[in-house]
Amino acid sequence: MSHKTVNDQFRNIAIIAHVDHGKTTLVDAMFRQSGVFRAGQEVDERLMDTLDLERERGITIAAKNCSVMWKGVRINIIDTPGHADFGGEVERALSMADGVLLLVDASEGPLPQTRFVLKKALGAGLKIIVVINKIDRRDARPAEVLDEIYDLLIDLDATEDQLDFPLLYAVGRDGIAVRDPNETGTNLHILMDTILEEIPGPVHDADAGFQMLVSDLGYSDYVGRLAVGRIFNGSTRSRDSLVCIDEKGEALPLKVSRLQVYEGMALKDVSEVRAGDVAVLAGIEDVKIGDTICHRPAPPPLPRIRVEEPTVAMKFSINDSPLGGREGKYVQSSRIRERLLKETLKNVAVQVEATEDRDSMLVKGRGEFQLSILIETMRREGYEFCVGRPEVIFRNEGGRKLEPMERLLVDCEEPFLGVITEKLSLRKGKMTHLANNHSGRVRLEFSVPARTLIGFRDEFLTDTRGTGIMHAVFDGYDEFRGPFESRFTGSIVADRSGHAVAYALANLEPRGRLFVVPGDPVYEGMIVGEHNRGQDIDVNPCKEKKLTNMRAAGKDDNILLSPIQPLTLEQTVSFLREDELLEVTPRSLRMRKSVLSAQKRHTLRATRIKAGARAA
């Protein structure tokens, strides 16, 4: 018979917030006020953003752990990503928590990404503390935001207990938390006290053996693979003989060389870890996220971490262009495959499948943004490869074709309301909500197919002159809403190898938008611009001016080309058509046709036209 007890020495809490609502800044302030740093110690801002991409983009990509000590209790803090594309990270983080801190901007209110993570937390039955942050903003509206939080919780079927949440107001940047927005606070002590009072300590079975659920993986050059997770029952010491229960239920023996726990952002060696704590086991080789680590004889495994199915797929392949292998450190298909499989070990939301072509692999994820981050991370590590256009994953149920849908929230100025509504209706979107609080801005909510939103962000920013805000979150599967033309323009394709010449580019400028500048290397099949019309055209960007011995006024004028804005990774990915690829190297992004030879492309097009005519 089990004997349930509570360990009051720990609190495990996950922080939920939308992108840019101040989550990482608040954690920084908690570190400073709990004595993690010694007096006068120099500390970077946004400590939890440890990845270069996180610091550059100001977003959290990977769920991370840290801890603070408050009144003799260790508070383990799990930082969850605010973007729905990193949903696999959210599932992992919440598996370690007993409660959540819901952080909401005092002006913007709860936004779609908040909804996504909160839905998961409510489903897990976690205790909630609400913090309305940035109350010092001039446009802060804490009373209305609180009503919106209640509406959101009711909409997500929160229980009576979950609706009766503790409420605090904060200025995370200044490290202040208060119970009343009119009070003047000086520190975050009230927040830490509330966590100790309201979040329950971890419950465990006092009579059970050691059981730990692996929620994260790491790697150390000194001690090898690291397994991170919460200990649900029992305790263990270093050098104990343990077993790992994998997905098939098999118990594999393993030995732990080192036990560690979080102290601030750093890891501290300990001789024993106990139920309720978040621990790091070092020296384990064959372990995956979701495995249960326990003593022999192996008790039943803990429920595995399950994530929602991926909705977008992209093809990764070797770079077989004429410029392939010049800029990358890792170019072989075996190295690319090894790196992608390594990603699946750390990121449970990513799946990798083999294809008929041994030089390519199909990578599935939760959204194009997640896959773009993977591409950017790999190119920074020195990998060179090609990727195809992101394709959504359809389902068939009862003879019906279903596609992934997105709940899209748009915040824009009133004059842009018409153009945004028109553009989204063309993309098969349906408006579900419109709110105008007469402040000059309107808030719209749409249900839009995920495939039609690919590439819409840049168009949206242009239409709203950079003042619009849009956020999308996965909203399940629905009936297929019909075909949609992803791009209404063609590509300007080079028909030979060489280097781009100013004279040739000046003659091509009236044809459309160019992507190359004089001196850039080009090759047959490389896309050098976007054609104004719907069809592709083959051009010679290397054509030089014929030299004669005739002199005339205006003959030798300098050629002035329009400045070119380099495309970002997201822009190039969304530009691609089905027959195009993106060549990714540590130094360059080049778009190209899947079939490089112009002659072969013309032959294939003629074959398709004949086949279509016969079918008709």
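These remarks concern the structure in this document. The residue numbering used here restarts from 1 in each chain and proceeds along that chain's sequence as written. Note on the predicted model: pLDDT of at least 70 is required for a residue's local features to be given, and 80 or more for side-chain atom pairs to be given and counted; whole-chain, interface and lining totals, by contrast, use all residues. Side-chain metrics in this entry use all non-hydrogen atoms of the structure; hydrogen atoms and water are not considered.

**Describing the overall build of the protein chain**
Right, so step 1: Numbering of helices and strands runs from the N terminus, with a helix taken as a DSSP run of H or I at least four residues long and a strand as a DSSP run of E at least two residues long. Scanning the protein chain for helices and strands turns up 15 helices and 37 strands.
Right, so step 2: Using a 1.4 Å probe on the protein chains alone, a residue whose accessible area is under 20% of its type maximum counts as buried, one over 50% counts as exposed, and one in between counts as partly exposed. Residues counted as buried form 52% of the 616 residues belonging to the protein chain.
Right, so step 3: Within the protein chain, residue pairs in contact and separated by at least 24 positions form 72% of the contacts whose partners lie at least 6 positions apart.
Right, so step 4: Accessible areas in this description were obtained via Shrake-Rupley with a 1.4 Å probe; residue shielding takes into account the shown protein chains only. Accessible surface computed for the protein chain: about 29,300 Å², of which carbon and sulfur atoms make up 48%. Contacts are assigned to residue pairs that have any heavy atoms within 4.5 Å of one another.

**With respect to the side chain of S491**
Right, so step 1: Structurally, S491 can be placed in strand β30 (residues 490-494).
Right, so step 2: Its relative accessible area of 0% is what places S491 among the buried residues.
Right, so step 3: Look past the residues within four positions of S491 in its chain and what remains in contact with it is I527, G529, H531, Q535, D536, I537, F575, E580 and K593.

**A short note on the pattern of salt bridges**
Right, so step 1: The term salt bridge refers to a pairing of a side-chain nitrogen on Lys or Arg with a carboxyl oxygen on Asp or Glu at a separation within 4 Å. On inspection of all chains with the given rule, the structure shows 33 salt bridges.
Right, so step 2: The residue E479 makes a salt bridge to R400 at a minimum N-O spacing of 2.8 Å. Highlighted residues: E479 in strand β29 (residues 469-479) and R400 in strand β26 (residues 400-413), separated in sequence by 79 residues.
Right, so step 3: Residue E479 is classed as partly exposed on the basis of its relative accessible area of 35%.
Right, so step 4: Note that K593 is salt-bridged to D536, the shortest N-O span being 2.6 Å. With K593 in strand β37 (residues 589-593) and D536 in the loop between β34 (527-531) and β35 (537-539), this pair connects stretches of sequence that are 57 residues apart.
Right, so step 5: Here the salt bridges share partners, and the residues they tie into one network are D536, R577, D579, E580 and K593.

**Brief notes about unusual backbone geometry**
Right, so step 1: One non-glycine residue, K71, lies in positive phi territory at about 55 degrees.
Right, so step 2: Counting through the fold element by element, K71 comes out in the loop between β3 (64-70) and β4 (73-79).
Right, so step 3: Although it is not a glycine, D157 adopts a positive phi angle of roughly 60 degrees.
Right, so step 4: Here D157 is to be found in the loop between α5 (142-155) and α6 (160-163).

**Remarks on the packing of aromatic side chains**
Right, so step 1: Planes of paired rings set the category: under 30 degrees apart is stacked, over 60 is edge-to-face and the rest tilted, where pairs are Phe, Tyr or Trp rings (Trp by its six-membered ring) whose centres lie within 6.5 Å. Using the criterion set out here, one finds 6 aromatic pairs in the structure.
Right, so step 2: When the centroid spacing of 5.5 Å and the interplanar angle of 15 degrees are considered together, the rings of F316 and F385 count as stacked. Residue F316 is located in strand β20 (residues 312-317), and its partner F385 is located in strand β23 (residues 385-388); the two are separated by 69 residues in the primary sequence.
Right, so step 3: Under the relative-accessibility criterion, F385 is labelled buried at 0%.
Right, so step 4: Between the aromatic rings of F394 and F480, the centroid separation amounts to 5.7 Å while the plane-to-plane angle is 75 degrees, which identifies the pairing as edge-to-face. With F394 in the loop between β24 (391-392) and β25 (395-397) and F480 in the loop between β29 and β30, this pair connects stretches of sequence that are 86 residues apart.
Right, so step 5: Note on geometry: a ring has a charge over it if NZ (lysine) or CZ (arginine) is within 6 Å of the ring centre and within 35 degrees of the ring normal. Its end group placed over the ring of F394, K401 keeps NZ or CZ at 4.4 Å from the ring centre.
Right, so step 6: Between K401 and the ring centre of F480, over which it is positioned, the NZ or CZ distance is 4.3 Å.

**Focus: the pairing of strand β18 (residues 278-282)**
Right, so step 1: Within β18, 5 of the 5 residues are buried, which leaves the element mostly enclosed by the surrounding structure.
Right, so step 2: Neither face of β18 is left uncovered, since the one carrying V278, V280 and A282 and the one carrying A279 and L281 both have all their residues buried.

**Things to note about the packing of helix α8 (residues 333-346) against helix α9 (residues 368-380)**
Right, so step 1: Whenever a helix is involved, its axis is fitted only over the stretch in contact; in every case the axis is a line through C-alpha atoms, and angles between N-to-C directions fall within 0 to 180 degrees. Two numbers describe how α8 lies on α9: the axes approach to 12 Å, and their chain directions differ by 130 degrees. Taken as axis vectors, α8 and α9 run oblique relative to one another. The way α8 lies across α9 gives a crossing that is right-handed. Between α8, through I336, R339, L340 and E343, and α9, the contact on the second element is made entirely by L374, T377 and M378.
Right, so step 2: In terms of residue class, the contact of α8 with α9 is built from 4 nonpolar, 1 polar and 2 charged. Should an angle fall under 35 degrees it is taken as roughly parallel, and over 145 as roughly antiparallel, whereas 65 to 115 is taken as roughly perpendicular and any remaining angle as oblique. By definition, turning the near helix anticlockwise from the far helix through less than a right angle yields a left-handed crossing, and turning it clockwise yields a right-handed one. Residue classes follow a fixed rule: Ala, Val, Leu, Ile, Met, Phe, Trp, Tyr, Cys and Pro count as nonpolar, while Asp, Glu, Lys and Arg count as charged, and any other residue, Gly among them, counts as polar.

**Here we look at helix α12 (residues 456-463)**
Right, so step 1: Of all the residues in α12, the buried ones are F456, F460 and D463. An end-on view of α12 places all buried positions within 65 degrees of arc, on one side of the element.
Right, so step 2: Check the buried side of α12 and you find it contacts β26, α10 (417-426), α11 (450-453) and β29.
Right, so step 3: Two residues or fewer after α12 comes R465, characterised by a positive phi angle close to 55 degrees. Picture the helix axis, draw a direction to every C-beta atom, and the arc is the one those directions span.

**Some details on the sheet that holds β35**
As a general point, the strands of a sheet are linked pairwise by backbone hydrogen bonds and lie either parallel or antiparallel.
Right, so step 1: Strand order in the open sheet formed by 4 strands is β32-β34-β30-β35, and the pairing between neighbours is mixed. Every other strand in the sheet has two partners, leaving β32 (512-514) and β35 as the edge strands with one partner each. Strand-to-strand twist across the sheet, computed as the mean angle between neighbouring axes with direction ignored, equals 30 degrees.
Right, so step 2: Two strands qualify as a pair provided that DSSP identifies no fewer than 2 bridges between them. In the sheet, β30 pairs with β34 via 4 bridges, with the strands oriented antiparallel. Across the sheet, the residue bridging to G490 is H531, located in β34.

**Some remarks on the packing of α10 against α12**
Right, so step 1: Contact geometry for α10 and α12: axes closest at 10 Å, N-to-C directions at 160 degrees. As the angle between them shows, α10 and α12 are arranged roughly antiparallel. For the pair α10 and α12, the sense of crossing is right-handed. Between α10 and α12, the contacting residues are V419, I420, K423 and L424 on the first element and F456, E459, F460 and D463 on the second.
Right, so step 2: Tallied by class, the residues present in the contact of α10 with α12 amount to 5 nonpolar, no polar and 3 charged.

**A short note on the nonpolar core**
Right, so step 1: In these notes, a set of buried Ala, Val, Leu, Ile, Met, Phe, Trp, Tyr and Cys residues joined through side-chain atoms within 4.5 Å is what counts as a nonpolar core. If you look at the biggest cluster of nonpolar residues, it comprises 35 residues, and the most contacted ones within it are V100, L102, L118, I128, I132, I149 and L153.
Right, so step 2: When residues of this core are traced back to their parent elements, those giving at least two are β2 (10-17), α3 (87-94), β5 (99-105), α4 (112-123), β6 (127-133), α5, β11 (224-233) and β18.
Right, so step 3: Tallying contributions element by element places α5 first for this core, with 5 residues.
Right, so step 4: Residues contacting L153, with those up to four places away along its chain left out, are L118, L122, I128, A158, L163 and F165.

**Remarks on the environment of H499**
Right, so step 1: With respect to the secondary-structure elements, H499 resides in strand β31 (residues 498-499).
Right, so step 2: A sequence separation of 22 residues divides H499 from P521, and the C-alpha atoms of the two residues are 4.4 Å apart.
Right, so step 3: When sequence neighbours within four positions are dropped, the list of residues in contact with H499 reads G519, D520, P521, V522, P541 and C542.

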